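Tertiary structure, described
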Amino acid sequence: MPTSSLPFETAAKGGARPPLKIAKRLIKRTVTDLFEKTGLVVISKKTRDRIVQMSPEAAGMLWVPTRPAGPGRALPDEVARALDPANPALADLKRRYADHPATDHVQWDDGDIEYGVDMASFRGDNLYVFQTRRNSEMQYYLSTIYVAACDQLDAFVKLSEDGAFGAAVYEFDGRSGVSRDLLDSVLEMNFLERQIGLSEQTGLTVLDIGAGYGRLAHRMVETFPTINRYYCADAVATSTYLCDFYLKYRGVQNKAQSVPLDRLERTLKGETIDLAINIHSFSECKRSVIRWWLDQIAERRVRWLMIVPNTGDALTSAEPDGTRQDFRRDIEARGYRLKAMRPKYEFSTSMQKFALYPGTYFLFERAD
Ligand SMILES: C[S@@+](CC[C@H](N)C(=O)[O-])C[C@H]1O[C@@H](n2cnc3c(N)ncnc32)[C@H](O)[C@@H]1O
């Protein structure tokens, strides 16, 4: 008698295989074929996390969740109420921002914020400042060595970090309170000091566009007594709101203030702005929106403009169809010329390769 050739029966030892085992094999084969054809590979969460830990630069090639960490330590009731996304003051700001030309967002719409920012831990790893994602403690250590060695302002020694509102904080060789907020701010301030000698100027006024929760504002007014006023502007109501909260929380509101978008023109009327700053923000905006902000800068004849894109050394916008457009010519068309373009880790090509979130610093100056 010929043996049966039905798929669910085999001549393997022990006779017929259980259907579940065969189904599993079929699924495994189909999925393997699919991966071969598509070039995709699925690995376990544990393996993925080990890869990221050992080689953080590989994280960009993996699918790593980007949801923010939840609230860190418990907040006092009053603070928790202020940081409740349902806060009526925030709702009012959102309503006022709705039809403004600068709020034509590609990123940073309500859905992005709901998914990417936990207000109670707004200084945690989130859309404002990436911290633990794609970076290891080792990269923090490298950046710390670099910052400590190159900080001409002594800001790294003078400024502190308490990890409030979820900021990721490290300790190296007895130096506690190392965060990306602090490291990046110190590097940006040193760049400005080298380029325009901020500590030598007098009565400076700064306009920070896309100022986030006020990271650099807080650090700048604590470092440079030469700054008279530091205005934080943003086209995202949640950012304006958090920035106002944070600057007051840090007690620097006498110099640094978060200006609602619909009151910006009124607030800046008659002011001479010396320096405009845009960090990791224009790269997340449409070119039409960037042009709107550049018009504000040019109309006020702001002397210096510092830009840090999050697109390497390209000054490009983010368009709804996924393309990017060069906006450097928009800056130049408004009467600015490039004064400096430097790697973030200017004095070490190896740090620029291996340390925390490398980037490029641009400084433009009005030509006349
Ligand atoms: C990645 S965060 C950077 C925050 C801050 N500059 C820093 O370095 O800590 C990007 C910022 O750009 C702001 N932003 C997004 N769209 C904007 C727009 N159309 N105009 C101005 N700012 C915008 C966001 O609200 C957020 O504050």
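Preceding block: the structure.
Just so it is clear, the model here is predicted, and its values are computed rather than measured.

Our focus in this paragraph is a positive patch on the surface. The grouping of Lys21, Lys24, Arg25, Lys28 and Arg29 at the surface amounts to a positive patch. For Lys28, the position within the fold is in helix H1 (residues 19-38). Classification of Lys28 by relative accessible area gives exposed; the value is 62%.

Here we take up the site of the ligand. Lining the immediate environment of the ligand, one finds 21 residues, of which Ala102, Gly210, Arg215, Asp234 and Ser239 sit closest. Residue Ala102 places a main-chain N or O atom 2.9 Å away from a nitrogen atom belonging to the ligand. Between the ligand and Ser281 there is a distance of 2.9 Å, counted from an oxygen atom to a side-chain nitrogen or oxygen. Isolated, the ligand exposes 590 Å² of accessible area, and the fraction of that covered by the protein chains is 97%. Class assignment for the residues of the shell around the ligand results in twelve nonpolar, six polar and three charged.

A few words on helix H12 (residues 287-299). Its 13 residues give H12 an end-to-end C-alpha distance of 18 Å, which sits within 8% of 18 Å, the value for a rise of 1.5 Å per residue. Downstream of H12 by one or two residues, Arg301 has phi in the positive range, about 50°.

Here we come to the side chain of Thr238. Tracing the backbone through its elements, the reader meets Thr238 in helix H10 (residues 237-249). A relative accessible area of 2% places Thr238 in the buried class.

Attention now goes to the pairing of strand S9 (residues 360-366). Of all seven residues in S9, seven are buried, a share of seventy percent or more. On S9, burial covers both faces: Thr360, Phe362, Phe364 and Arg366 on one face and Tyr361, Leu363 and Glu365 on the other are all buried. Sheet topology places strand S8 (residues 336-343) next to S9; seven bridges connect them, and they run antiparallel. Across the sheet, Leu338 pairs through a bridge with Phe364, a residue of S9.

Below, the discussion takes up the sheet that holds strand S4 (residues 227-233). In space, the seven strands of this open sheet follow the order S5-S4-S3-S6-S7-S9-S8, with mixed pairing throughout. Edge positions in the sheet fall to strand S5 (256-258) and S8, since each of these pairs with one other strand and no more. For this sheet, the mean inter-axis angle between neighbouring strands, taken without regard to orientation, is 20°. As defined by bridge partners, strand S7 (residues 304-308) adjoins S9 across four bridges and the pair is classed as antiparallel. Counted as the bridge partner of Leu305 is Phe364 from S9. Across the sheet, helix H8 (residues 180-196) lies against strand S6 (275-279), S7, S8 and S9, angled at about 35° from S9, the strand it touches most. Most of the contacts of H10 go to S5, to which it runs at about 150°, and overall it touches S4 and S5.

Further remarks concern the environment of Glu332. As for its position among the elements, Glu332 is in helix H13 (residues 328-333). For Glu332 and Ala367, which are 35 residues apart along the polypeptide, the C-alpha to C-alpha distance reads 9.1 Å. Side chain to side chain, Glu332 and Arg328 meet in a polar contact 3.0 Å long.

Rules used throughout
- Residues numbered from 1 in each chain as written.
- Predicted model: local features only at pLDDT ≥ 70, side-chain atom pairs only at ≥ 80, totals over all residues.
- Heavy atoms only, no water.
- Patch = residues over 30% accessible without salt bridge, like charges linked within 9 Å, V, L, I, M, F, W, Y side chains within 5 Å.
- Areas by Shrake-Rupley, 256 points an atom, 1.4 Å probe, with all protein chains shown as cover.
- Salt bridge = Lys/Arg side-chain N within 4 Å of Asp/Glu carboxyl O.
- Lys, Arg positive; Asp, Glu negative; His and termini not counted.
- Charge placed at Lys NZ, Arg CZ, Asp CG, Glu CD.
- Helix = DSSP H or I, 4+ residues; strand = E, 2+ residues; numbered from the N terminus.
- Buried < 20%, exposed > 50% of the residue type's maximum accessible area, 1.4 Å probe, protein only.
- Near = heavy atom within 4 Å.
- Polar contact = N/O pair within 3.5 Å; in protein donor to acceptor, adjacent residues only side chain to side chain.
- Nonpolar A, V, L, I, M, F, W, Y, C, P; charged D, E, K, R; others polar.
- Expected span 1.5 Å × (residues − 1).
- Pairing = 2+ DSSP bridges.
- Axes fitted to C-alpha atoms, helices over the stretch in contact; angles between N-to-C directions.
- Contact = heavy atoms within 4.5 Å.

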